[in-house]
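Each chain, written out:
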Amino acid sequence: MVDFARSPRSTLGVEWELALLDSRSLDLTPAAETLLADVAEHAPEYEKHIVGEMLTNTIELVTGVHNQVSTVAEDLATSIGALRKLTEARGVELMSAGTHPFAQWQSQEVRAKDRYLELVDRTQWWGRNMLIFGVHVHVGIDSRDKVLPIVNALLAYVPHLQALSASSPFWGGTDTGYASNRAMMFQQLPTAGLPFQFDQWADYEKYVDDMLTTGIIDNINEIRWDIRPAPHWGTVEVRVCDGLPTLEEILAVTAFIQCLVDDMSERLDAGETLPTMPDWFHNENKWRAARYGMDAIIIENAAADERLVTECLADEIERLSPVAERLGCVDELHSITSIIERGVPYQRLQKVFGTTGSLTEVTRSLIGDLRNSYS
């Protein structure tokens, strides 16, 4: 049995992966263990909020449980402020994007944790290539029966979230031609990518049991889908997004996800069946959004109607506005419009590169975006 720990409806938690950079070269630096020791010594109250990740060039900010996006903002700003005091003393800069523009994967260190070392040992070249950073948003679900219908319905919004958050057009010093190269990289891991669609919780339990029995995973957390149940926390976890350069963008995406999940939860309570689409539609949509970003024309529904993703986003913001009013995140939801108007992350990065021809300047712009977004 996979027990699901129910959570109060639409509560929030956010995990934000930050890259650690040498302040002189702006390349990645393996400073995580040093900084985590600094946290333990100088800011122990943040030990559950400032944690390590797979690579020693990464620090992850983890919020507490919140009801509103506004308090998620306060939580993240406080944690990054505490982290910043420690990084300043170490000559380390912070950056958030789906990938570092020019860092080389061969130079990166994996943390000496069994689960990370086993992952790399099993997946070899692809595992060592996971030089990527993301944002994960948890939304509380008050009934296990809602989890799989919500996961299945959320798949239709993968391209919206992928296009809006795309921030990884450059990888290893190369212009990939993709808005989100991270999306293409991460799905190479054997248990990553889009989730399977299950109708019954028993079917999901059977899948988990088979994965454990055959040794594909040792722990349910090793199922690394873009959208997944998080049974231990009683949430649905949305892991689609690239690392986002600014706090404003984190909050906008969080508001969008919270509104989507809460709306779906309410519709299920009213006896509605949530719409789904065939798997190949979702696969195609993810590729289109990763490749073309805000210029992607996506498949909208099971009837195979297609529209530009920006048009779909505009309609969703309007449709979800009453939900946002109820949840107290109207400003954050509507900020998506202004983010699109000034350019989503990959567009801003491409503009800097087009002007300067320098990936170092692209990286510098990401450092500035983050620093200016919360101070």
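Structural data are supplied above this passage.
A. Quick look at helix α13 (residues 345-356). With twelve residues, α13 should cover 16 Å at 1.5 Å per step; its first-to-last C-alpha distance of 17 Å lies within 8% of that length. Three or more residues of α13 are buried, namely P345, Y346, R348 and L349. Down the axis of α13, the sector holding all buried residues measures 160°, keeping them to one side. Exposed residues lying more than 90 degrees from the buried face of α13 are K351, G354 and T355. The first or second residue beyond α13 is G357, which carries a positive phi of 65°.

B. Layout of the state of the cysteines. Across all of its chains, the model carries zero disulfides by this definition. Just so you know, C241 is unpaired, no disulfide at all, and the nearest cysteine sulfur is the one on C259, 14 Å from it. Here C241 falls in the buried class, since its relative accessible area comes to 1%. For the unlinked cysteine C259, the closest cysteine sulfur is that of C329, found at 3.6 Å.

C. Layout of helix α10 (residues 279-292). With 14 residues, α10 extends 20 Å between its outermost C-alpha atoms, agreeing within 8% with the 20 Å of an ideal straight helix rising 1.5 Å per residue. Among the residues of α10, F281, H282, N285, K286, R288, A289 and A290 are the ones counted as buried. Close packing links the buried residues of α10 with α6 (158-165), α7 (181-186), β8 (192-193), β12 (297-299) and β13 (306-308). Looking one or two residues past α10, G293 carries a phi angle of roughly 60°, positive in sign.

D. Structural detail: the layout of surface pockets. One number sums up the size of the second largest pocket: a volume of about 330 Å³. Of the residues assigned to the lining of the second largest pocket, the class counts are ten nonpolar, five polar and five charged.

E. Examining the packing of aromatic side chains more closely. Taken as a whole and judged by the stated rule, the model has 17 aromatic pairs. Taking the centre distance of 4.9 Å and the plane angle of 80° together, the rings of W125 and W126 count as edge-to-face. With a relative accessible area of 43%, W125 lands in the partly exposed category. Measuring from ring centre to ring centre gives 4.4 Å for W280 and F281, while their planes differ by 85°; the resulting arrangement is edge-to-face. An aromatic cluster is defined as three or more aromatic residues linked by ring pairs; in this entry it consists of F4, F196, F198, W201, Y204, Y207 and W225.

F. Structural view of empty space enclosed by the protein. Applying the stated rule across the entire model yields two cavities of 30 Å³ or more. Considering only enclosed or pocket space, the largest cavity measures out at about 60 Å³ in volume. Lining the largest cavity, in full, are Y204, I220, N221, I223, W225, R228, P229, A230 and P231. Of the residues in the lining of the largest cavity, the class split is seven nonpolar, one polar and one charged.

G. Structural detail: the environment of I59. Here I59 lies in strand β3 (residues 58-62). For the pair formed by I59 and L36, sequence separation is 23 residues and the distance between their alpha carbons is 8.5 Å. Aside from chain neighbours lying at most four places away, what touches I59 is W16, E17, L18, L20, A32, L35, L36, I50, V51 and L83.

H. How the structure looks around the pattern of salt bridges. The final tally for this structure, using the stated rule, is 30 salt bridges. In this structure, R90 engages D38 in a salt bridge whose closest nitrogen and oxygen atoms are separated by 2.9 Å. You can see R90 sitting in helix α2 (residues 69-90) and its partner D38 sitting in helix α1 (residues 32-42), a full 52 residues away along the chain. Since its relative accessible area comes to 47%, R90 is described here as partly exposed. Residues D369 and R348 are paired through a salt bridge, measuring 3.5 Å at the closest nitrogen-oxygen approach. Taken together, the positions of D369 in helix α14 (residues 359-374) and R348 in helix α13 put the pair 21 residues apart, joining distant regions of the chain. Via salt bridges that share partners, R9, D142, K146, D262, E266, D269 and R326 belong to a single interconnected network.

I. Seen up close, a negative patch on the surface. On the surface, D114, E118, D121 and D218 cluster together into a negatively charged patch. Structurally, D114 can be placed in helix α3 (residues 114-123). Given the relative accessible area of 59%, D114 is considered exposed.

Analysis parameters
- Residues numbered from 1 in each chain as written.
- Predicted model: local features only at pLDDT ≥ 70, side-chain atom pairs only at ≥ 80, totals over all residues.
- Heavy atoms only, no water.
- Helix = DSSP H or I, 4+ residues; strand = E, 2+ residues; numbered from the N terminus.
- Expected span 1.5 Å × (residues − 1).
- Buried < 20%, exposed > 50% of the residue type's maximum accessible area, 1.4 Å probe, protein only.
- Arc of directions from axis to C-beta.
- Disulfide = S-S within 2.5 Å.
- Contact = heavy atoms within 4.5 Å.
- 1 Å grid on protein atoms, 1.4 Å probe; cavity = no way out; pocket = protein on both sides within 12 Å on 5 of 7 lines; lining within 4 Å.
- Points joined across faces, edges and corners; volume = space filled by probe spheres on them.
- Nonpolar A, V, L, I, M, F, W, Y, C, P; charged D, E, K, R; others polar.
- Phe/Tyr/Trp six-rings, centres within 6.5 Å; stacked < 30°, edge-to-face > 60°.
- Salt bridge = Lys/Arg side-chain N within 4 Å of Asp/Glu carboxyl O.
- Patch = residues over 30% accessible without salt bridge, like charges linked within 9 Å, V, L, I, M, F, W, Y side chains within 5 Å.
- Areas by Shrake-Rupley, 256 points an atom, 1.4 Å probe, with all protein chains shown as cover.
- Lys, Arg positive; Asp, Glu negative; His and termini not counted.
- Charge placed at Lys NZ, Arg CZ, Asp CG, Glu CD.

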